[in-house]
Amino acid sequence: MQQPTPPLEDSSLVRARAALGEFELTVCTDGTYLLDGGAMFGVVPKTLWQKRIPADAENRIKLGLNSVVVRTGRQTVLIETGIGNKQSPKMQQIHQNQALLPASLAAAGVRPEEVDIVLNTHLHFDHCGWNTTLHSDGSVTPTFPNARYFAHAGEVAHGHLQLERDRVSYLSPNYDPLIDSGQMTLLDDAGILANPEICPGISVELFPGHTAHMMGVHLEPPRAVESRPSAGAAPHACYIGDLLPTAHHLDVTWVMGYDLDPLRCIEERKRFYARAIPEEWLVLFTHDHDTPMAQVMLNDKGKPVVKG
Ligand SMILES: [Zn+2]
């Protein structure tokens, strides 16, 4: 039930599809971009990480920008919105990103008007870029006019601080216009702990470390009444944001240079695996262009690896 199926139709634009109980999952993409390989693997020596993912002559590695469309039968939910079209020419030159999400959604048969909910795990530029669209006259409008957007208030506050460490990652046109218009709901820790549900079968959970308020998104379709408990693990997928950016980052200590609290990331990864592995969750990776979804298992050395 949770096994991913190979990419369909235009495989460059629709990265994967999967049925998860009553839910339909489609992995769309804003294309790829280039980041420094050293920054993506923190203190891990290049001699180790380059065996998993090759760097170019400038030490950059190619990463994906996966957004997941969830059709629940009642609602159409979009998790994450890529880099978008607000990059300066200089940043676009650095990242070599392609701004493909509108074309990807069209290829998957998803109209912007039908998206009911947009979720951002955090507000780094490469996770919420198409929340809004920049037009040639300089105006910015919501890309999904009928959607209710959700993000964490702590992310907005952190972005507004414009700290030296990470101010380049926070572009306020990706969220401020939506907050000003009332279209974005800001969550907080106490509210999430009291009621993590965004809509039936979709909830958020705090996984701090990459940022202080990063959220993962759980997808748990309600089970049909007739299904028996013995029918196997309940279908469960989790979009884990930058806790595990790619399938090459599964080792608990292979955290990123970008992570604000790497020790916390390591603990949160252990906490995640303690459920995701025995309960056979389908794990959705934000930045893995080639492996957008997979189950995780422990190998014979006890290390987490992609199953199958
Ligand atoms: Zn991030």
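For the structure itself, look to the data block above.
Counting restarts for each chain: residues are numbered from 1 in the order of the written sequence. Since the coordinates come from a predicted model, pLDDT governs what is reported: local features require at least 70, and pairs of side-chain atoms require 80 or more to be given and counted, while whole-chain, interface and lining totals use all residues. Where side-chain values are given, they derive from all heavy atoms of the structure, hydrogens and water being excluded.

Participant: Help me understand the coordination of the zinc ion, please; the structure alone is not making it clear to me.
Facilitator: Think of it this way: four donors in a tetrahedron around the metal ideally sit 109.5 degrees apart, and six in an octahedron ideally sit 90 or 180 degrees apart. Any N, O or S atom lying within 2.8 Å of the metal counts as a donor, and for Na, K and Ca the limit rises to 3.2 Å; water is left out, so some sites can look incomplete. Taken together, the protein ligands of the zinc ion are His122 (NE2), His124 (ND1), His210 (NE2) and Asp242 (OD), with distances of 2.1 to 2.3 Å. A four-donor site is called tetrahedral if each angle lies between 85 and 135 degrees; a four-donor site is square planar, and a six-donor site octahedral, when trans pairs exceed 155 degrees and the remaining angles lie between 65 and 115; all other cases are labelled irregular. Here the zinc ion is ringed by 4 donor atoms whose angles at the metal span 83 to 172 degrees, and the overall shape comes out irregular. Motif for the zinc ion, donor spacing along one chain: H-x1-H-x85-H-x31-D. Within this pair, whereas His210 is found in the loop between strand E11 (202–206) and strand E12 (215–219), its partner Asp242 is found in the loop between strand E13 (237–239) and helix H8 (262–276), the two being separated by 32 residues in sequence. Like His210, the residue Asp242 is buried in the burial classification. Put simply, DSSP marks the helices as runs of H or I at least four residues long and the strands as runs of E at least two long, and each gets a number from the N terminus on. Whether a residue is buried, partly exposed or exposed follows from its accessible area with a 1.4 Å probe, protein chains only, as a fraction of its type maximum: under 20%, in between, or over 50%, in that order.

Participant: For this particular structure, what's the right way to read the side chain of Asp30?
Facilitator: Take Asp30: it is sitting in strand E2 (residues 23–36). Lys86 is the oppositely charged side chain nearest to the buried, salt-bridge-free Asp30, at an N-O distance of 9.2 Å. Looking at Asp30, its side chain comes within polar contact range of the side chain of Trp130, at 2.8 Å. In this description, contact between two residues means that some pair of their heavy atoms is separated by no more than 4.5 Å. In this structure, Asp30 is in contact with Leu65, Gly82, Ile83, Gly84, Gln98, Ala99, Leu100, Leu101 and Trp130, ignoring residues within four places of it in sequence. In this tally, Lys and Arg are treated as positive and Asp and Glu as negative; His is ignored, and so are the chain termini. We count a salt bridge whenever a side-chain nitrogen from Lys or Arg sits within 4 Å of a carboxyl oxygen from Asp or Glu. N or O atoms closer than or at 3.5 Å make up a polar contact, with two conditions inside protein: a donor-capable atom paired with an acceptor-capable one, and, for residues adjacent in sequence, both atoms drawn from side chains.

Participant: I tried to follow the packing of aromatic side chains on my own but got confused; where do I start?
Facilitator: By convention here, two paired aromatic rings are described through the distance between centres and the angle between planes. Geometry of aromatic contacts follows a simple scheme: Phe, Tyr and Trp rings, the Trp one being its six-membered ring, pair when their centres are within 6.5 Å, and the pair is stacked under 30 degrees between planes, edge-to-face over 60, tilted otherwise. Under the criterion given, the structure shown has 5 aromatic pairs. One aromatic cluster is present, formed by Phe207, Phe272, Tyr273 and Trp281 through successive ring pairs. Two conditions define a charge located above a ring, namely a distance within 6 Å from the ring centre to NZ of Lys or CZ of Arg, and an angle within 35 degrees of the ring normal. We note Arg52 situated over the ring of Trp254; from NZ or CZ to the ring centre the distance is 3.8 Å.

Participant: Sorry, what's going on with the sheet that holds strand E1 (residues 14–20) here?
Facilitator: The strands that make up a sheet are held in pairs by hydrogen bonds between backbone atoms, and each pair lies either parallel or antiparallel. If DSSP finds at least two bridges between two strands, the strands pair. Sheet architecture is open: 7 strands sit in the order E1-E2-E3-E4-E5-E8-E9, paired in mixed fashion. Two strands close off the open sheet at either side, each with one partner strand: E1 and strand E9 (184–187). The average undirected angle you get between the axes of adjacent strands in this sheet is 25 degrees. Here E1 runs beside E2; their pairing, made up of 6 bridges, is antiparallel. Looking at the pairing, Ala16 lines up with Val27 of E2. In this description, a line fitted to the C-alpha atoms serves as the axis of each element, helices being fitted only across the stretch in contact, and the angle between N-to-C directions of two axes falls anywhere from 0 to 180 degrees. Helix-sheet contacts for helix H5 (residues 153–161) involve strand E8 (148–152) and E9, and the interaxial angle to E8 is about 70 degrees.

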